[in-house]
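Chain by chain, the residues:
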There are 2 protein chains.
Amino acid sequence: MSGEQKREHYHKIRMERKKAQIDAAIARADSEKGLLLVITGNGKGKSTSAFGMVGRALGHGMKVGVCQFIKSRTDTGEEAFFGAYDNCDWHVLGDGFTWDTQDRSGDIATSERGWEVASQMLSDPSYDLVVLDELTYLLSYDYLDKDLVLNTLSEKPEMQHVVVTGRNAISELKDLADTVSEVQDVKHAYKSGIKAQKGIDY
Amino acid sequence: MSGEQKREHYHKIRMERKKAQIDAAIARADSEKGLLLVITGNGKGKSTSAFGMVGRALGHGMKVGVCQFIKSRTDTGEEAFFGAYDNCDWHVLGDGFTWDTQDRSGDIATSERGWEVASQMLSDPSYDLVVLDELTYLLSYDYLDKDLVLNTLSEKPEMQHVVVTGRNAISELKDLADTVSEVQDVKHAYKSGIKAQKGIDY
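Scoring rules and cut-offs
- Residues numbered from 1 in each chain as written.
- Chains lettered and ligands numbered in written order.
- Predicted model: local features only at pLDDT ≥ 70, side-chain atom pairs only at ≥ 80, totals over all residues.
- Heavy atoms only, no water.
- UniProt positions renumbered as here; feature names shortened; annotations may be inferred.
- Helix = DSSP H or I, 4+ residues; strand = E, 2+ residues; numbered from the N terminus.
- Buried < 20%, exposed > 50% of the residue type's maximum accessible area, 1.4 Å probe, protein only.
- Contact = heavy atoms within 4.5 Å.
- Areas by Shrake-Rupley, 256 points an atom, 1.4 Å probe, with all protein chains shown as cover.
- Lys, Arg positive; Asp, Glu negative; His and termini not counted.
- Charge placed at Lys NZ, Arg CZ, Asp CG, Glu CD.
- Polar contact = N/O pair within 3.5 Å; in protein donor to acceptor, adjacent residues only side chain to side chain.
- Axes fitted to C-alpha atoms, helices over the stretch in contact; angles between N-to-C directions.
- Parallel < 35°, antiparallel > 145°, perpendicular 65-115°, else oblique.
- Nonpolar A, V, L, I, M, F, W, Y, C, P; charged D, E, K, R; others polar.
- Arc of directions from axis to C-beta.
- Salt bridge = Lys/Arg side-chain N within 4 Å of Asp/Glu carboxyl O.
- Pairing = 2+ DSSP bridges.
- Domains from an automatic or database assignment.
- Phe/Tyr/Trp six-rings, centres within 6.5 Å; stacked < 30°, edge-to-face > 60°.
- Lys NZ or Arg CZ within 6 Å of the ring centre and 35° of its normal.
- Least-squares fit on C-alpha atoms with pLDDT ≥ 70 in both.

As recorded in an unreviewed UniProt entry, chain A goes by Corrinoid adenosyltransferase and comes from Thiomicrorhabdus xiamenensis. Word for word, the UniProt comment on chain A under Subcellular location (unreviewed entry) is "Cytoplasm". UniProt lists a comment for chain A under the heading Function (unreviewed entry), and it reads "Required for both de novo synthesis of the corrin ring for the assimilation of exogenous corrinoids. Participates in the adenosylation of a variety of incomplete and complete corrinoids."

Novice: Describe in detail the overall build of chain A, supporting the description with residues and values.
Specialist: A count of helical and extended segments in chain A gives 8 helices and 6 strands. Moving toward the C terminus, one meets the helices and strands of chain A in the order α-β-α-β-α-β-α-α-β-α-α-β-α-β. Taken along the three principal axes of its C-alpha coordinates, chain A extends 75 × 45 × 35 Å. Buried residues in chain A amount to 51% of all 202 residues. Contacts spanning at least 24 positions in sequence make up 77% of the contacts within chain A whose residues lie at least 6 apart. As displayed, chain A has an accessible area near 8,800 Å², and 46% of this comes from carbon and sulfur atoms. Treating the 25 positive side-chain charges of chain A as one cloud and the 32 negative ones as another, the clouds have centres 12 Å apart.

Novice: Report on the side chain of B:Thr165, specifying residues and quantitative values.
Specialist: By the element assignment, B:Thr165 lies in strand S5 (residues 161–165). Within the structure, B:Thr165 has its side chain in polar contact with the backbone nitrogen of B:Glu134 (distance 2.9 Å).

Novice: Can you explain the packing of helix H1 (residues 3–28) of chain A against helix H5 (residues 104–122) of chain B? Please cite residues and give values.
Specialist: The geometry of H1(A) relative to H5(B) is characterised by a closest axis approach of 9 Å and an angle of 95 degrees between their N-to-C directions. For the element pair H1(A) / H5(B), the angle class is roughly perpendicular. The segment H1(A) lies against H5(B), with A:Arg7, A:Glu8 and A:His11 engaging B:Arg104, B:Ser105 and B:Asp107. Across the contact of H1(A) with H5(B), the residue classes tally to no nonpolar, 2 polar and 4 charged.

Novice: Go over helix H7 (residues 146–154) of chain B with me, naming the residues and quoting the values.
Specialist: All names here are of chain B. Listing the buried residues of H7 in full gives Val149, Leu150, Thr152 and Leu153. For H7, the angular spread of buried residues about the axis comes to 160 degrees, placing them on one side. The inward-facing, buried residues of H7 abut strand S1 (36–40), H5, strand S4 (129–133), helix H6 (135–140), S5 and helix H8 (171–176).

Novice: Would you mind going over the side chain of B:Lys44 in detail, with residue names and values included?
Specialist: Looking at the secondary structure, you find B:Lys44 in the loop between S1 and helix H2 (46–59). Looking at B:Lys44, the relative accessible area reads 11%, which means it is buried. A distance of 2.9 Å separates a polar side-chain atom of B:Lys44 from the backbone oxygen of B:Ile200. Setting aside anything within four residues of it in sequence, one finds B:Lys44 in contact with A:Leu37, A:Met53, A:Arg56, A:Thr179, A:Ser181, B:Val183, B:Asp185, B:His188, B:Ile200 and B:Asp201.

Novice: Could you give an account of the interface of chain B and chain A, with specific residues and numbers?
Specialist: Tallying the contact residues gives 82 residues for chain B and 82 residues for chain A. If you look at where chain B meets chain A, you find 2 salt bridges. Linking chain B to chain A there are 27 residue pairs in polar contact (both at pLDDT 80 or more). Elements supplying a minimum of two residues to the side of chain B that touches chain A: helix H1 (3–28), H2, helix H3 (77–82), helix H4 (98–101), H5, H8 and strand S6 (179–187) of chain B. Where strand S6 (residues 179–187) of chain A and S6(B) come together, 7 bridges link them in antiparallel fashion. Residue pairing for S6(B): A:Gln184 is matched across the bridge by B:Glu182.

Novice: With reference to specific residues and values, describe the domain arrangement of chain A.
Specialist: Domain annotation for chain A reports domain 1 (1–30) and domain 2 (33–192). For domain 1 of chain A and domain 2 of chain A, the distance between their C-alpha centroids amounts to 39 Å.

Novice: Which residues make up the packing of aromatic side chains, and what are the values?
Specialist: A full pass over the atoms with the stated rule returns 16 aromatic pairs over all chains. Ring plane angle 65 degrees and centroid distance 6.4 Å describe the contact between A:Phe81 and A:Tyr85, whose orientation is recorded as edge-to-face. Grouped by ring-pair contacts, the aromatic residues A:Phe51, A:Phe81, A:Phe82, A:Tyr85, A:Trp90, B:Phe51, B:Phe81, B:Phe82, B:Tyr85 and B:Trp90 constitute a single cluster. Positioned above the aromatic ring of A:Tyr127, the side-chain terminus of A:Lys63 is 4.2 Å from the ring centre.

Novice: Give a description of the relation of the copies chain B and chain A that names residues and reports values.
Specialist: Screw-axis analysis of chain B against chain A gives a translation of 0.0 Å along the axis, an RMSD of 0.0 Å, and a rotation angle of 180 degrees. Taken together, these values place the two copies in the relation of a two-fold axis.

The following block contains the structure:
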């Protein structure tokens, strides 16, 4: 065999072996259920990833609810785009970040009002996907009762998917989750003086 | 002051300080340009995050191009949803993963045909956002000429945003990027026997 033929030959053997392993893993993974996903870490792409799932779910004709707990701006591309769908209920429930409001008891009241909206969705099986965007902060800052939130999440409808985003997810939330991803910042344009960009950051 | 008043008081002081720091950082970040973003790592949420940006961009009336280099399935929620938009050109350009095809020279030919489509978009400033989904594999497997790809990316239209996703991004690509995020798997439902879920995974 020539060098290139050899390369092709061994490539095929390795890939056959890999396919057998992957097929076996797929065969083992045969159950379906509503998932609790937590997307945390300090990197860019947590909320964005949740919004990608909103697009996927709407593409399959599923019903989606979105609660944005911190954000107060309503000029985002995501809301303009997804919020326009009948199948998608979009709620902007925040007053901005804690360093914008500088008002702890006000933040707590806002959080509790927001949680009312979320709780409704989390007890309504007609929602196939519920996104709780930036909920993690309300737990790490003790703005919401941890047990209340964790209990509500653990009692959600069986086939409902829930995605929670935000930095510093508390360990009890990660323990409860089926899938946890951490997004790490390796490099960020913002740090080189480039401002938040339309279509990319909002 | 009571304990609670004290807590409120110091919260306000800390948040004032934090706001001053953040405002200064925002003031420093004042330039605009088309970004090259790389979303890599072994966790769930890389392509999903890119699709979230597609939603954002479409929400702002921007024009979007998507090239999916590996995927061959055309029943995904993302394509059904975003691909239906006039403003969004969606191309499924793959034959499946290397372990599905088991054919190195076939994979190279497929990759080169896909790159033709991507190159067109990367030289056309009417595209505000171009997503090169799973391009990283074509570089790490040497299916495309590295210099050709890196040169094309470095010569893209100035205001065009490009998002590259996939595991194992090569270091030259990360060096060229403005923003690099790594998504790490902390926990994955799939590993506990739950299969890929509609709306979440595809």
